[in-house]
Structures are given as structure tokens and as C-alpha cells.
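Results of the structural survey
Here is what each chain is made of, one letter per residue.
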Amino acid sequence: MSRSIKEVVRAQNRFKAVEVSKQEPSVRSKNFGEVVLGYTEEQALVEASRCLNCPNPQCVSGCPVGVDIPAFISCIKERQFRESISKIKEKNSLPAICGRVCPQEEQCQKNCIMGRKGESISIGRLERFVADLEHEKGIEAKQVEVWNGRKVAVVGAGPAGLTVAADLAKLGYHVVIFEALHLAGGVLIYGIPEFRLPKRIVQAEVDYIKQLGVELQTDSLIGRLHTIPELLAQGFDAIFIGTGAGLPKFMGIPGENLCGIYSANEFLIRVNLMKSYQFPKSKTPIHMGKKVVVIGGGNVALDSARCAIRLGAESVSIVYRRSREELPARQEEISNAEEEGIQFKLLAAPTRFIADDRGQVKTMEYVTMKLTAPDATGRSKPVPIKGSETTTDVDTVIVAIGRTPNPIIQSTTEGLKTLVGGIIAVDKDTGLTSLEAVYAGGDIATGESTVISAMGSGKIAAKSIHNYLNSKKENAIGMLYQGDLAALSLFF
Ligand code: FAD
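Here we summarise the structure given alongside this text. (Residues numbered from 1 in each chain as written. Predicted model: local features only at pLDDT ≥ 70, side-chain atom pairs only at ≥ 80, totals over all residues. Heavy atoms only, no water.)

In this section: helix α15 (residues 331–339). For α15, the full list of buried residues reads Glu333, Ile334, Asn336 and Ala337. The buried side chains of α15 occupy one side of the element, clustering within an arc of 165 degrees when seen end-on. For α15, the secondary structure elements touched by its buried residues are α2 (25–28), α14 (299–310) and β9 (343–346). (Buried < 20%, exposed > 50% of the residue type's maximum accessible area, 1.4 Å probe, protein only. Helix = DSSP H or I, 4+ residues; strand = E, 2+ residues; numbered from the N terminus. Arc of directions from axis to C-beta. Contact = heavy atoms within 4.5 Å.)

Next comes the structure, spelled out in C-alpha cells:
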């Protein structure tokens, strides 16, 4: 470490994390460029120097993919940036993505011992720093030369599918990913906006997985192009289903189908995947009113609201039926949204939408909610306050109240057991479904979750597929051996 960095480290309060630069709110609310600019080398060195390198690191147990966090941070301290990213990639093939969108405050950073007296180490920002450095210098993937003779099909190229594919490719499998859309990445490419996760970052990490030898077939909707039994019959030794939860939920209230009311899915796909914010350069337009209301309080609602403000809406309000403390979105993104001028209407729920004479939404009626006393699970229930109906003018409404799995695979695969809402039932320790050689993970097997938990379940499934196919091979060798003995007995 150079002298100047040492001085900066000494001057730094060890209990305070190094702040990261961001685009100014008044500037960023008018563009789709990345909001958080990431650590400089000096900032990363100072932040890394705060890590105590605990002998029993709790941060690792908080990481669903088990990255050796103290080891990669130690490499940063020593300026061994290549070694640092290699350490991360032993467990995580999508580090630049995770460094940007993982809820670290709920996972690795939550367990950080520094967090007990001050601020946890900014593990995500350090991960992003080394991953971005690698992107700048060019990602190198060691292609596995020796094919182990086995083929695995992965359905869906979201974080779960990409993780399974990368882990199995590293073990010598020939992996083919079938993806319904024209681009790989799942929600990372069609849901999370450019200003939180630039698409060139997703593309670079997908390219890295392709460099490992993974074959990607886009525009391939499984359940229509081929069914799961057909893929098995075509010679795939195992299948992983990682098709996510891409079907939007609606409230079922009067007027929900009026013009000017989008599902968050349609809205975000138009904006992110089809790049309508670049219209007419891109071919997909989007209609954005002046007064926008977004229903819901999770990451999807916040992403929609922040896109709307960037698309020129004059006022954007999040309408959420619970209290501020219960907003499921990441705290950092809530603060970012507030700085950008998004308003929060809490403890409120729409009851109906009213149209103008052209069938365009013009009014939202809503009620004020109150929370009941906590039930046995400790959670309060929001209930409407009688007679509290109020109306407000709206031009555009975006419904972001949750997503469920698309049923296409479940309905075309006989014997595939599902749970309530079409979630595929799996053994949580292996990811195995009710069908032999068919595994599932990510949102399709858990319901809406997070990028890193989808990746964690992908890792579990990849390991199980490997164990299953190895045990099948051993059994086959055993049977062959017994067959050989029988054959030999014919001669002797
Ligand atoms: P997905 O990412 O949904 O990928 C599934 C893929 O399968 C898609 O590419 C889809 O096209 C494909 N597919 C579907 N059906 C078929 C079929 N029949 N044949 C072939 N392919 C098919 N999580 C975080 O951790 N942090 C965040 O900040 C965050 N923000 C989010 C913002 C938004 C707008 C959304 C929608 C979600 C967000 N999440 C976030 C949640 C996170 O993105 C998901 O939990 C995660 O992407 C799930 O990964 P997955 O691989 O299971 O599914």
C-alpha cells in the first residue's frame, strides 16, 4: 500500500464506510445513466482496510453462494485485483451484477462484525470494484477442454439458469440454455433498469458464461418449441428449470383494464428490453402521462416509478397499503427514489379507476388503511378504514403488486408436481422436482425472491445434478461389471 493510501486509512474513521459517488439527483432524474458510480481504487483500498479478516467470518454464512469474502477483500488490500476477482468467481459467476443489485444489507453485510459498533464493510461495493476492473481489462474465462460426455439442458437464462450453466460447464458438462426471449439475463435484462444495472454489464457476464463453453439458444420457448419430456428424449441427461416468476398479478378492482394502466412487467419490458426511452432511435414507443401512480412497495414498484420520472412525468407517487417500515424495497433504493422526487403515499389502497370519455384512466379512488395488532406470526394486517374513500387525478397507473410463475412448463409436463400459485415443488436440499433428472430453482421454485437466492438455488441444483449423474455412471459401471462377469461365466 502506498504512503498516501496509508495516510488516508489512518485518517478514516474505521467504523464508517467509505461513501460512494452518485450522479446528482436533479441530473440523474433526467437520464438513464448509472446512478451509483462505484469506488475508485483509492476508495476501495481504504474500505478494504477496514475489514478485520475475522477468523470465523460471519459474512460468508450470510452469502447464499458462499463467496470467501475475507479472502477476496484481503487480495484488494494487497492490490492483487486479479486474484481477488478469481476468488469471487470460484463461487459467483455474476459478480458485477451482484455487486450492484444484491441486498447485501440483508445478507453478508448484515452479519459483518463491524456493523455491531459502526457501519458494516461495503462488501457489495468492493465486489463491484474488482468485477468492473476485470470488465475494463477484458474478462478471461478458462474454457474447460475435457467434455465429460454428458449433456444438460437449462431452461431460462436468468440468474438461476446462468449459475447452473456456469457451474456445470466448469465440471465438463455440455450445457445448452434455452431462453424464450431474444436476450439472456432474465429480470436482469428485462426488469431492472439501466440506471441500476447497465445492460452492457449483464451482457459481459453472459458472454463470460458463453466463453466457458455454454451454448445459448435464444427465442426458444420451452413448453412450445420442445417439452421437458422431449428434451429428455433428445438425449439430455438432466434438465434444470429456471423460468422465474414473470406473470404479473393484478388487484381485480373495477377499471383496472382502462387505457393508461400498465402492469409493471409490460412497462419495464418496454422501457428496458425494448429501450423505449431511446424512442424513436429504438422502435418501441411508450406513453407516459404527467401524473403517474405506481401501486406496490417493492423493488419493481420503485424501478417503475424511477423510470416514469426519467421519462418526463411531472409527479410520481408510490401507493402502498402498509407502513414505511414495511416497504419491501431496498433502503438504499428508497432513499435514491426520494432524492429523485418520488412521493410515497403510505397506508393507502386503490379501490377503483374511473375513465374519461375516451376510455383513458383519469381518476383513482382509494381508501386509507390501518394496521391491525400483530398476529401470531408477528405481522400486522392492513385493513381499510370505512368511509375513507378519496379520489385523485391520474394519467398513468403502473401496477407492481407481485408476480407469479408462467404455467407453460407445468401444464405441458406430466407428473411435474406444483404448489399453490404454480410454483414447482422441489426438494430444497437438492432442487430435484417430482420427476427423475428434472431439477428446478430460482423464482419458479420459491416464488419472487432475489438474484442471489436464485443463484444459490442454482448452485445447489448444479451440485445435485453432478452427484446424480456421477452415481448413475457408477451404477452403470457396476452393472457393466456384473454383466462382464456373467459373460465371462459363459466362457469358463
Ligand atoms: P428470471 O430472472 O425471471 O429469469 C427467468 C428466465 O426464464 C427469463 O429470461 C425468461 O424469459 C425465461 N423463461 C421463462 N419461461 C420460459 C420458457 N418456457 N422457456 C424458456 N425460457 C423461459 N432482486 C435482487 O436481488 N435485487 C434487486 O434489486 C432486484 N430488483 C428487481 C427489480 C425488478 C423490476 C424485478 C422484476 C425483480 C427484481 N429482483 C431483484 C428479483 C430478481 O430479479 C429475481 O428474484 C431473479 O431474477 C430470479 O431469477 P430467476 O433466474 O429465477 O428468474
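The sheet built from five strands is open, its strands ordered β3-β2-β1-β4-β16 with parallel pairing. For this open sheet the edge positions go to β3 (215–217) and β16 (438–440), each flanked by a neighbour on one side alone. Averaged over all pairs of adjacent strands, the angle between their axes in this sheet comes to 20 degrees, without regard to strand direction. Pairing geometry for strand β1 (residues 151–155) and strand β2 (residues 174–178), over five bridges, is parallel. Along β2, the bridge assignment pairs Ala153 with Val176. Against the sheet, helix α9 (residues 159–170) makes contact with β1, β2 and β4 (238–241), and its axis sits at roughly 165 degrees relative to β2, the strand it touches most. (Pairing = 2+ DSSP bridges. Axes fitted to C-alpha atoms, helices over the stretch in contact; angles between N-to-C directions.)

Attention shifts here to the nonpolar core. Grouped together as the largest cluster of nonpolar side chains are 107 residues, with contacts concentrated most on Phe72 and Phe267. Residue contributions to this core peak at nine residues, all from helix α18 (residues 451–491). Here Phe72 is in contact with Val67, Ser84, Lys87, Ile88, Ile123, Leu126, Glu127 and Val130, once residues within four sequence places are set aside. (Core = buried A, V, L, I, M, F, W, Y, C linked by side-chain atoms within 4.5 Å.)

Right, let's talk about the pattern of salt bridges for a bit. Applying the stated criterion across every chain yields a total of 30 salt bridges. Salt-bridge contacts for Glu34 lead to Arg100; the nearest nitrogen and oxygen are separated by 2.7 Å. In this pair, Glu34 is assigned in the loop between α2 and α3 (41–49) and Arg100 in helix α7 (residues 95–101), connecting sequence segments 66 residues apart. Using a relative accessible area of 15% as the deciding quantity, one classes Glu34 as buried. Exposure remark for Arg100: the relative accessible area of 8% places this residue in the buried category. Connected through shared salt-bridge partners, Arg28, Arg196, Asp303, Arg306, Arg310, Glu333, Glu339 and Glu340 make up one network. (Salt bridge = Lys/Arg side-chain N within 4 Å of Asp/Glu carboxyl O.)

Turning next to the environment of Leu183. With respect to the element layout, Leu183 can be found in the loop between β2 and α10 (187–190). Setting aside residues no more than four positions away along its own chain, Leu183 makes contact with Ile189, Gln203, Thr218 and Leu273.

Around the ligand sit 36 residues in total, of which Val101, Glu179, Arg196, Ile222 and Asp443 are the nearest. At 3.0 Å, a backbone N or O of Ala160 approaches an oxygen atom of the ligand. Here an oxygen atom of the ligand and a backbone polar atom of Val451 are 2.9 Å apart. Listed by contribution, the elements that provide at least two residues to the shell around the ligand are α9, α14, α16 (408–412) and α18. At three residues, α14 tops the list of elements feeding residues into the shell around the ligand. In terms of residue class, the shell around the ligand is built from 19 nonpolar, 12 polar and five charged. (Near = heavy atom within 4 Å. Polar contact = N/O pair within 3.5 Å; in protein donor to acceptor, adjacent residues only side chain to side chain. Nonpolar A, V, L, I, M, F, W, Y, C, P; charged D, E, K, R; others polar.)

Another aspect to go through is the layout of surface pockets. When its volume is computed, the second largest pocket comes out at roughly 670 Å³. Taken together, 31 residues make up the lining of the second largest pocket; nearest its centre are Val20, Gln109, Ser122, Arg125 and Glu332. Top element by residues in the lining of the second largest pocket is α15. It accounts for five residues. Broken down by class, the residue content of the lining of the second largest pocket amounts to seven nonpolar, 10 polar and 14 charged. (1 Å grid on protein atoms, 1.4 Å probe; cavity = no way out; pocket = protein on both sides within 12 Å on 5 of 7 lines; lining within 4 Å. Points joined across faces, edges and corners; volume = space filled by probe spheres on them.)

Next up on the list: the packing of helix α6 (residues 81–89) against helix α8 (residues 123–137). Running from N to C, α6 and α8 cross one another at 110 degrees; their axes reach a closest spacing of 9 Å. When the axes of α6 and α8 are compared, the pair comes out roughly perpendicular. Note that α6 runs across α8; the crossing there is left-handed. Each of Phe81, Arg82, Ser84, Ile85, Ile88 and Lys89 in α6 lies in contact with α8, whose residues at this interface are Glu127, Phe129, Val130, Ala131, Leu133, Glu134 and Lys137. Its residues placed into classes, the contact of α6 with α8 shows seven nonpolar, one polar and five charged. (Parallel < 35°, antiparallel > 145°, perpendicular 65-115°, else oblique. Left-handed = near helix turned anticlockwise from the far one by under 90°.)

With that settled, the discussion passes to α9. Helix length check: α9, at 12 residues, gives a terminal C-alpha distance of 17 Å against a target of 16 Å (1.5 Å per residue), a fit within 8%. With 11 of 12 residues buried, α9 lies mostly within the body of the structure. Gly172 sits one or two positions beyond α9 and adopts a positive phi of about 95 degrees. (Expected span 1.5 Å × (residues − 1).)

All right, on to unusual backbone geometry then. Residue Pro280 follows Phe279 across a cis peptide bond; omega there is 10 degrees. Structurally, Pro280 can be placed in the loop between α13 (264–273) and β7 (291–295). Here the phi dihedral of Arg79 falls at roughly 60 degrees; this positive angle occurs in a residue that is not glycine. Here Arg79 shows up in the loop between α5 (69–77) and α6. The phi dihedral of Ala437 falls on the positive side, at around 70 degrees, and the residue is not glycine. Inspection of the secondary structure assignment puts Ala437 in the loop between α16 and β16. Taking the relative accessible area as the measure of exposure, Ala437 reaches 6% and is therefore buried.

Here we take up the sheet that holds strand β6 (residues 261–263). In space, the five strands of this open sheet follow the order β6-β14-β7-β8-β9, with parallel pairing throughout. Whereas interior strands pair on both sides, the edge strands pair on one side only; in this sheet they are β6 and β9. Averaged over neighbouring strand pairs, the angle between their axes works out to 20 degrees when direction is ignored. Relative to strand β14 (residues 396–399), β6 is paired through three bridges, and the arrangement is parallel. Within the sheet, the bridge partner assigned to Tyr262 lies in β14 and is Ile398. Each of β7, β8 (315–320), β9 and β14 touches α14; the most contacted strand, β8, lies at about 165 degrees to it.

Orientation of α9 relative to helix α11 (residues 199–211), taken along the N-to-C sense of each, is 30 degrees, at an axis distance of 9 Å. Classified by the angle their axes make, α9 and α11 are roughly parallel. Crossing hand, α9 versus α11: left-handed. Residues Leu162, Ala165, Ala166 and Lys170 of α9 pack against Val206, Tyr208 and Ile209 of α11. Taken together, the residues that form the contact of α9 with α11 break down as six nonpolar, no polar and one charged.

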